[in-house]
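Reading the structure
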Amino acid sequence: MRRPSCGYWLIHFLDAGCYCGIEPHTARLKMGLETILEQDIRQAKRPRFDANATFDASVFGERFDFFLAYSIWTHASKPQIRMMLDAFLRCSTDDAVFLATFLPASWRFQDYVEDAWRGTSHESSVPGCIRHRLSWIKAECALRELLVSPLGRDTSHDQYWLEIRRRATAPARKRRYPYWLRRLVDLRS
Ligand SMILES: C[S@@+](CC[C@H](N)C(=O)[O-])C[C@H]1O[C@@H](n2cnc3c(N)ncnc32)[C@H](O)[C@@H]1O
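Just so it is clear, the structure is predicted and the values come from calculations on it, not from any experiment.

**Some thoughts on the site of the ligand**
- By nearness alone, 15 residues border the ligand, and Ser-5, His-25, Ala-53, Ser-71 and Ser-121 come closest of all.
- Per-class residue counts for the shell around the ligand are seven nonpolar, six polar and two charged.

**A closer look at the pairing of strand 5 (residues 146–153)**
- Of the pairings in the sheet, the one linking strand 5 to strand 6 (residues 160–166) comprises seven bridges and is antiparallel in character. By the bridge assignment, Gly-152 is partnered in strand 6 with Trp-161.
- Counting the residues in the hairpin turn of strand 5 and strand 6 gives six residues, including Asp-158, whose phi is positive at 60 degrees.

**Details of the sheet that holds strand 5**
- In spatial order, the strands read 3-4-6-5; together these four strands make up an open sheet with mixed pairing. Whereas interior strands pair on both sides, the edge strands pair on one side only; in this sheet they are strand 3 (64–69) and strand 5. Across the sheet, the mean angle from the axis of one strand to that of its neighbour is 15 degrees, orientation sign disregarded.
- Lying on the sheet, helix 5 (residues 134–143) is in contact with strand 4 (92–102), strand 5 and strand 6; it crosses strand 5 at an angle near 145 degrees.

**Notes on the environment of Arg-183**
- Along the chain, the position of Arg-183 falls in helix 6 (residues 179–184).
- Between the C-alpha atoms of Arg-183 and Thr-155, which are 28 residues apart in sequence, the distance is 9.9 Å.

**Topic: unusual backbone geometry**
- A positive phi angle is found at Arg-46, which is not glycine, with a value near 45 degrees.
- Structurally, the position occupied by Arg-46 is in the loop between helix 3 (39–45) and strand 2 (48–50).
- Positive phi, close to 60 degrees, is recorded for Asp-158, a residue that is not glycine.
- With respect to the element layout, Asp-158 can be found in the loop between strand 5 and strand 6.
- A residue is classified by how many C-beta atoms lie within 10 Å of it, and Asp-158, with 10 of them, is exposed.

**Section: the pairing of strand 6**
- Most of strand 6 sits out of view: five of its seven residues are buried.
- Of the strand pairs in this sheet, strand 4 and strand 6 are connected by six bridges, and their pairing is antiparallel. Within the sheet, the bridge partner assigned to Leu-99 lies in strand 6 and is Glu-163.

**A look at the domain arrangement of the protein**
- As far as domains go, the protein holds domain 1 (1–51) and domain 2 (60–184).
- Between the C-alpha centres of domain 1 and domain 2 there is a distance of 21 Å.
- The interface of domain 1 with domain 2 comprises eight residues on the first partner and seven residues on the second.
- Where the side of domain 1 that touches domain 2 is concerned, the elements lending two or more residues are helix 1 (6–13) and strand 2.
- Looking at the side of domain 1 that touches domain 2 residue by residue, the class counts come to four nonpolar, two polar and two charged.

Procedures and definitions
- Just so you know, the residues in each chain are numbered from 1, in the order the chain's sequence is written.
- With the structure being a predicted model, the display of local features is reserved for residues of pLDDT at least 70 and the display and counting of side-chain atom pairs for 80 or more, all residues being used for whole-chain, interface and lining totals.
- The C-beta atom of each residue is placed using the backbone, and any residue whose C-beta lies within 6 Å of a molecule or strand is treated as near it.
- Amino acids are sorted into nonpolar (Ala, Val, Leu, Ile, Met, Phe, Trp, Tyr, Cys and Pro), charged (Asp, Glu, Lys and Arg) and polar (every other residue, Gly among them).
- Here, a strand pair is defined by DSSP locating no fewer than two bridges between the strands.
- The helix count covers DSSP runs of H or I at least four residues long, the strand count covers runs of E at least two residues long, and both are numbered beginning at the N terminus.
- Between the N-to-C directions of two axes lies an angle of 0 to 180 degrees, each axis being a line fitted to C-alpha atoms and, for a helix, fitted only over the stretch in contact.
- Placing a C-beta atom from the backbone of each residue, one calls two residues in contact when those atoms lie within 7 Å.
- Exposed residues have 12 or fewer other C-beta atoms within 10 Å of their own C-beta, buried residues have 20 or more, and residues in between are partly exposed; the C-beta atoms are placed from the backbone.
- Where each domain starts and ends follows an automatic or database-derived domain assignment.

Right, here's the structure in full:
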């Protein structure tokens, strides 16, 4: 069996009702809930899910302290990343953290300029991965008064983790994440 994603572990570690996830591919979500997540954990932790394809976290009626997007920006177009940043601003607490992975574009790897999701989804079974320039991500964040800090790469797929926070509440010095969080998001040490 594939190693479960960190959403699986977060459902275990968080208090009941505190994990919310967005997945428009309902068959994929059903498979995960029925064959990967233990039924007693599902009942005890009551994770909530929504199938909207616009990254609209407001459907949960909460203000979140963490947003997590592992291997989402490696498929999402620039308009979709903008939607996620706007959702973060609307639906998170003032000191919230958005952790997202991406793959950087460079002279070797093209920057993705199309408007659609690339890769498997509720609408496509064609695999694919795309890249964005870090300077573009930083500029979109700056427009929203958000600060971006690169954290390092993950060990499974060599994606680059970014930490995004509101500029007004970001700590003055870069913090090193505690060991458990580095393990959870699979950061190279
Ligand atoms: C590479 S997988 C993410 C992997 C997962 N985070 C993990 O750690 O294993 C990308 C997922 O995004 C989903 N997806 C596709 N379009 C989406 C959209 N518009 N909004 C949210 N998720 C979407 C796909 O169905 C797929 O399950």
